[in-house]
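# Analysis of the macromolecular model
Residues per chain are reported as follows:
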Amino acid sequence: MSQGSNFPSPLPPPDEIPGELPIMPLEGVVLFPQMITPIVLTDDRARQLIDDVMKTDKLFALFHPLESSNPEDAEAPKSKHPIRAGAVPGLFNTGTLCSVLRVLRIPDGTVRVLLNGVCRVAIESVVSTDPYMRAAVKVVEDIEATPGDIEVDGMAKLTVENLNRAIGMNALPEELAVAVMNTEGPGKMADLVAANLPVRPLDLLPILEERRVKERLSKLQFLLGREVHVLEIGNRINEEVREEVDRNQRAYFLSQQIRALRRELGEIDPHETEIEDLQKRLREARMPEHARKVAERELGRLSSLPSAAAEYGVIRTYFEWILDIPWHVSTDDHLDIQLAREVLDEDHFGLEKIKERILEFLSVIRLKDGDLKGPILCLVGPPGVGKTSLGRSIARATGRKFQNFSLGGMRDEAEIRGHRRTYVGAMPGRIVKALKDCGTNNPLIMLDEIDKLGSDFRGDPASALLEVLDPEQNSHFNDHYMDMPIDLSRVMFITTANSLDSIPEPLRDRMEIIRIAGYTDLEKEEIALRYLVPRELDNNGLKKKDIGFQRAAIRHIIHEYTMEAGVRGLQRQVAKVCRKVAMRVAEFQSEVERNPKKKHEKPEKAKIDLASVESYLGPKLSHLEAAERLAKPGVSVGLAWTSVGGAILFIEAARYRGKGEIKLTGQLGDVMKESALAALTYLKANGTQFGIKPEDFEQWDYHLHVPAGATPKDGPSAGTAISTALTSLITGRQVRDYLAMTGEITLRGNVMPVGGIKEKCLAALRAGIKEVLLPHHNEGDYGEVPENIRKGLKVRFLRETSQFIEAALR
């Protein structure tokens, strides 16, 4: 806003000021008396107002709205002085009587008007609003200060000082100081200074409103003082920035001079030496053309920067990552199938079908001359069955470098793709780091716990893995940090998981699933004697002369101290025995050191047999026998599959007087609850064939409970066991000892197939179950169960729910 005092407009006599004037609301313009300002009008009503006043006395009143449409005004600090409305809602209570000096019409329809402020006015009442507002107004006269008031003189002097300071900082024109010195009266001086301040129009409204000259000067002093303070802060910041730039420039020129002097004296510049080393590494590095272009560009930037520059370390780190990636470094594959078989047999006992599938996978790669464009292997099984060690064995058999990392709990997509270099401390993703650590472009990378990936506001790592594990895409994998294509097509990826339920379907579709059910007791014995015992002897500093495990002791530990599909718990128990023996050996050695006469004595070898196990491991675990649980009617045994292997479930039923309702407890999931309701409905409809009467449902309520209430349970496979438990309760017939079952039921009495047959049979054998009832449609799945498990179980395949009930009850 540009205003001045070149056209003084003295206050007309009261009888010459119309009592009724057109009113123009205009945002962004605050016109003070005796000031001139141009305005631009685009509104039709405002243009009509100007056309009408130009035909009469050229007078109208200008008022500012109370609210600003500028979003910056909403974020600005609130004014110290409140803004009050007048007689018209939405308009400030004080405006300016304006006289039109000149009108310029532009061809695009815009009207530019030059206004002269005459005096302050206020609206008394609105007369009309069409086509524009007309209102009765009154003149607002100044209330002059008392002559000789030293406060007014002091504020006027301070205003001039602050004005000169602002002019000295080039914030206001020098002509303003001359105009202020020639202004008569402090009120007009305040109006002149306020009109030229570079502040928001809303901040000027309190000064326009103030009739009392003394208070007007006070408000002006606050506004002017604040602006001067802001200007001083800005100037100080600019000065600091200029000094810093000058200092950097001076340091740069000095460093160039020092470098020239060192060259003349034959001295070595560390920075130049470093750049030469990097250039040599770049020349010797084997990399694709696109990577070399990026490296040369970054090295050029690095050469032009002083080593003390902030960007120097960032660029050098990125450049070294480009050099460290093994673009064309690879190991020779040893795809000898017989050697691979020997390695797998040497490292793992059992798992014959798993080994066979891995050998098939390696055979296909051999016949395709090392082409890995095929499915990614995903080893799925309970904890402790050797999934990660299988990956190590494959790497050893093929001669590839091995690298593994866990995806469990990973929620940030940048862990896979890397961080963009715009972030402080950015680094590549885990895949690129694995390539660097291995030093080859064809390692075997194992991604553990792929089923435990998470996602949040930082992205979805599972989606990022879609590109990594897709052979059609990973030849141009783009890491955000490297920002260039990286070929992963020669990397052999193997993943592991405990469960497939939480793996997204698109990711699961890119992998071939190999299930590892777990180990039988016989396999655990062999694993313990061949692998676990020697490993723990070494881990605990023992030798074969110090301890010996009998097979019966190992079998007793398996049966009485573990209950698992894998062997981690068994390894912990073996380690516990070894630690106790290690303590005895250490105590004997300490005693020999104190008493040299015993130097020729040897410690007695610890023989771990059936009788001594409890002395090392304490009381055995409490296993409630199935026969003991089935001693009363209303209890059956079901088989379940979990992420940690198969398990048996005891289904307990009880009843009490009621109306035929059923209560379900034991932290059951929705699907299992629906199975219980389906079983109850089936028995209500078909109970007569089992000797169940309608009164058994009309006069009794039923409670179904699955113990181990702290463990969530879900799935449809307990339908047959629930039906059997309810029938046993109502008829009083006990379930046969050492019998378990699994199967999903329908309302019509059919039994549907279920999954996890191998794991469930293995769990039944571990629990001492002797007979298992399975759905007829799972007979093909039973063929996958190892022969040594089938020998320990009697299995019957049935089609109908009624057949399950009759086969189970005594």
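A brief look at the structure comes next. (Residues numbered from 1 in each chain as written. Predicted model: local features only at pLDDT ≥ 70, side-chain atom pairs only at ≥ 80, totals over all residues. Heavy atoms only, no water.)

Turning next to the overall build of the protein chain. Along its length, the protein chain carries 29 helices and 24 strands. Since a compact globule built from 810 residues should have a radius of gyration of about 28 Å, the 45 Å found for the protein chain marks it as more spread out than a globular shape. When each of the 810 residues of the protein chain is scored for burial, the buried share is 46%. Pairs at least 24 residues apart make up 75% of the contacts formed inside the protein chain by residues separated by at least 6 positions. For the protein chain, the computed accessible surface area is about 41,100 Å², with 50% contributed by carbon and sulfur atoms. (Helix = DSSP H or I, 4+ residues; strand = E, 2+ residues; numbered from the N terminus. Rg over C-alpha atoms; globule rule 2.2 N^0.38 Å. Buried < 20%, exposed > 50% of the residue type's maximum accessible area, 1.4 Å probe, protein only. Contact = heavy atoms within 4.5 Å. Areas by Shrake-Rupley, 256 points an atom, 1.4 Å probe, with all protein chains shown as cover.)

Here five strands make up an open sheet; going across it, the order is S8-S9-S12-S7-S13 and the pairing parallel. At either end of the open sheet lies a strand with only one pairing partner, and these are strand S8 (402-406) and strand S13 (511-515). The mean inter-strand angle of the sheet, taken between neighbouring strand axes irrespective of direction, is 20°. Of the strands in this sheet, strand S7 (376-380), S8, strand S9 (444-448) and strand S12 (492-497) touch helix H13 (residues 387-398), which is tilted by about 175° from S9. (Pairing = 2+ DSSP bridges. Axes fitted to C-alpha atoms, helices over the stretch in contact; angles between N-to-C directions.)

Those residues of helix H19 (residues 551-561) that sit buried are Ala553, Ile554, His556, Ile557, Ile558 and Tyr561. Summarising the contacts, the buried residues of H19 are in contact with helix H18 (521-539), strand S14 (547-549), helix H20 (568-594), strand S15 (606-608) and helix H21 (613-617).

Side chains of Ile237, Val241 and Val245 sit close together on the surface and give an oily, nonpolar patch of about 240 Å² of accessible area. For Val245, the position within the fold is in helix H7 (residues 213-265). (Patch = residues over 30% accessible without salt bridge, like charges linked within 9 Å, V, L, I, M, F, W, Y side chains within 5 Å. Salt bridge = Lys/Arg side-chain N within 4 Å of Asp/Glu carboxyl O.)

Moving on, we come to the packing of helix H25 (residues 719-731) against helix H29 (residues 801-808). Where H25 contacts H29, the two axes come as close as 9 Å, and the packing angle between them is 55°. It follows from the interaxial angle that H25 and H29 lie oblique. Crossing hand, H25 versus H29: right-handed. On H29, the residues that touch Thr720, Ser723, Thr724 and Thr727 of H25 are Thr801, Phe804, Ile805 and Ala808. Here the residues of the contact of H25 with H29 are counted per class, giving three nonpolar, five polar and no charged. (Parallel < 35°, antiparallel > 145°, perpendicular 65-115°, else oblique. Left-handed = near helix turned anticlockwise from the far one by under 90°. Nonpolar A, V, L, I, M, F, W, Y, C, P; charged D, E, K, R; others polar.)

Looking now at helix H9 (residues 289-304). A rise of 1.5 Å per residue sets the reference length of H9, with its 16 residues, at 22 Å; its end C-alpha atoms lie 23 Å apart and thus fit the reference within 8%. Looking only at H9, the buried set comprises Ala291, Arg292, Val294, Ala295, Glu298, Leu299 and Leu302. Considered in projection along H9, the buried side chains sweep an arc of 160° and stay on one side of the axis. Exposed residues on H9 whose side chains face more than 90 degrees from its buried face are Glu289, Lys293 and Ser304. (Expected span 1.5 Å × (residues − 1). Arc of directions from axis to C-beta.)

Let's shift gears to the environment of Val592. Summarising the element assignment, Val592 is placed in helix H20. The class of Val592 is buried, set by a relative accessible area of 18%. Sequence separation between Val592 and Lys602 is 10 residues; the distance between their C-alpha atoms is 9.8 Å.

Here we come to the packing of H19 against H20. For the pair H19 and H20, the least separation of the axes is 10 Å and the interaxial angle reads 120°. Judged by the inter-axis angle, H19 sits oblique to H20. The hand of the H19/H20 crossing is right-handed. Contacts between H19 and H20 involve Ile554, Ile557, Ile558 and Tyr561 from the first element and Leu570, Gln573 and Val574 from the second. Here the residues of the contact of H19 with H20 are counted per class, giving six nonpolar, one polar and no charged.

Scanning all chains against the criterion turns up 44 salt bridges. Between Arg226 and Glu227 there is a salt bridge whose closest N-O contact spans 3.8 Å. On the accessibility criterion, Arg226 (29% relative accessible area) is partly exposed. Overall, Glu227 belongs to the buried group, its relative accessible area being 18%. Here Glu311 and Arg301 are joined by a salt bridge, their closest N and O atoms 3.1 Å apart. Of the two residues, Glu311 is situated in helix H10 (residues 310-324) and Arg301 in helix H9; the sequence distance between them amounts to 10 residues. Relative accessible area serves as the criterion here: at 45%, Glu311 is assigned to the partly exposed category. Taking relative accessible area as the criterion, Arg301 reaches 36% and is therefore assigned partly exposed. It is possible to trace a salt-bridge network through shared partners that takes in Glu525, Glu526, Arg530, Arg551 and Arg555.

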